[in-house]
Amino acid sequence: MRKIAFITLLLLMSFVNTSVSAANREEHEKTGQVIWEVKTKEKLVALTFDDGPHPFITPQILDILAKYHAKATFFVTGLKAEQYPELIKREVAEGHEIANHTYDHIPHNELSPRILSKEIQKADTAIQKITGVTPFLFRPVGGHFDDWVIKSAVKQQKTVVLWTWGQDSRDWKNPPANKICSSILNGVKPGNIILFHDWHGAETSKRCTTTAALTNILDYLQRNGYQCVTVSDMLFRTSQIIPDLSELHP
C-alpha cells in the first residue's frame, strides 16, 4: 500500500503547474514533472536502457546485470515489446522495471501532441498485456522535453524521466567500450540516472560495445560501494518509503 500511495503522490506532483511554458530544466524540475537525477548521499545509481528489447543484445545485458545483482529500468518501445514479449517477461521476472518509450519511436520532429498521446497509450496497452502492469514512467524519444511533450505525458499520468547531464553513454554511436566507460565513470555520483541503449543500429549484430563496457562499469560501481537500482526504487528509497515490488510486478 505504501508503494501505491507513493506512485499516487508522484502522479499528483506531475499535475501541478501544467501551465509552465519555459522549456528549461530548472523550471520543469520545480514542477515535479521531469526527473533528471535524485538527490541522495546514499550510493545509488539507476541504469536505464532505451529502445529495446533486442533479441541478441538485451539477453546479454540481462546476463551481465544478473552477474552483478544489478537492477535496471528498461524504457521499451511498444512495438518491440510485442515482437519480443518473452524478453519483457524475463526483465520483470529478474526484478527490472519496464517503462514507456512510445510505441513506434517516432522522431520528435514528426510528432504532435495528438500523435504522442496515441503513442504513449498504445505502448501502455502493449506493455500491460505482457506484464499486467501499466508503467508510470515515461521517457520521450531523444530526450526532448518541450513543454507540449511534458504536458502530453502528464495527461497520460506519466512522470517523465530523462538522465543526469554528463551520464549519457552515447552508445548508440557504438564507440569503443573504453570510451563509454570513461564517459560514465569519470563523473558518476550518487543519485545519477545513466543512459544506455539496448537497441541502436545493432539489429543484425550479436555484439555491441554497450555490453563490452557494461561489465567494466558494473565492476567499478560494485567495488566502489554503489548499488544499481531501478528508477522507481531509487525514488522510493530516497523518500524513506520501503518498496513492495509485488505491487508493481504481479
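Here is what the cut-offs are and how they apply
- Residues numbered from 1 in each chain as written.
- Predicted model: local features only at pLDDT ≥ 70, side-chain atom pairs only at ≥ 80, totals over all residues.
- Heavy atoms only, no water.
- Helix = DSSP H or I, 4+ residues; strand = E, 2+ residues; numbered from the N terminus.
- Buried < 20%, exposed > 50% of the residue type's maximum accessible area, 1.4 Å probe, protein only.
- Contact = heavy atoms within 4.5 Å.
- Axes fitted to C-alpha atoms, helices over the stretch in contact; angles between N-to-C directions.
- Parallel < 35°, antiparallel > 145°, perpendicular 65-115°, else oblique.
- Nonpolar A, V, L, I, M, F, W, Y, C, P; charged D, E, K, R; others polar.
- Core = buried A, V, L, I, M, F, W, Y, C linked by side-chain atoms within 4.5 Å.
- Pairing = 2+ DSSP bridges.
- Right-handed = clockwise from strand over helix to strand, strands pointing away.

Next up on the list: the overall build of the chain. Across its full length, the chain holds 10 helices and eight strands. Looking at the chain residue by residue over its 250 residues, the buried ones come to 55%. Within the chain, counting contacts between residues at least 6 apart in sequence, those at least 24 apart form 76% of the total.

The geometry of helix α3 (residues 57–67) relative to helix α9 (residues 209–223) is characterised by a closest axis approach of 10 Å and an angle of 10° between their N-to-C directions. Judged by the inter-axis angle, α3 sits roughly parallel to α9. Residues Ile57, Gln60, Ile61, Ile64 and Leu65 of α3 form the contact with α9, whose participating residues are Thr210, Thr211, Leu214, Thr215 and Leu218. For the contact of α3 with α9, a count of residues per class yields six nonpolar, four polar and no charged.

Okay, the environment of Thr159 next. Mapped onto the secondary structure, Thr159 falls in strand β6 (residues 159–161). Counting along the chain gives 124 residues from Thr159 to Ile35, while the straight-line C-alpha distance between them is 7.7 Å.

Turning to the nonpolar core, a few remarks are in order. Formed by 35 residues in total, the largest nonpolar core has its most connected members in Leu47 and Leu65. At the level of secondary structure, the elements contributing two or more residues to this core comprise β2 (44–50), α3, β3 (72–76), α5 (85–93), α6 (113–131), α8 (177–185), β7 (193–197) and α9. Those residues in contact with Leu65 that sit more than four places away from it in its chain are Leu47, Phe49, Ala70, Ala72, Phe74, His96, Leu214 and Leu218. Judged by nonpolar contacts, the second largest core, of 31 residues, contains Leu116, Phe136, Ala153 and Val161.

By the criterion of burial, β2 is predominantly enclosed, with seven of the seven residues buried. Of the two faces of β2, both are covered, the one formed by Leu44, Ala46, Thr48 and Asp50 as well as the one formed by Val45, Leu47 and Phe49. As paired strands, β2 and strand β8 (residues 227–228) are joined by two bridges and run parallel to one another. Bridge pairing links Leu44 to Gln227 in β8. Of the strand pairs in this sheet, β2 and β7 are connected by five bridges, and their pairing is parallel. Looking at β7, one finds that Thr48 is bridged to Leu195. Where β2 meets β3, four bridges bridge the pair, whose relative direction is parallel. Bridge pairing in β3 links Thr48 to Thr73. Tracing the backbone out of β2, into α3 and back to the parallel element β3 gives a crossover that is right-handed.

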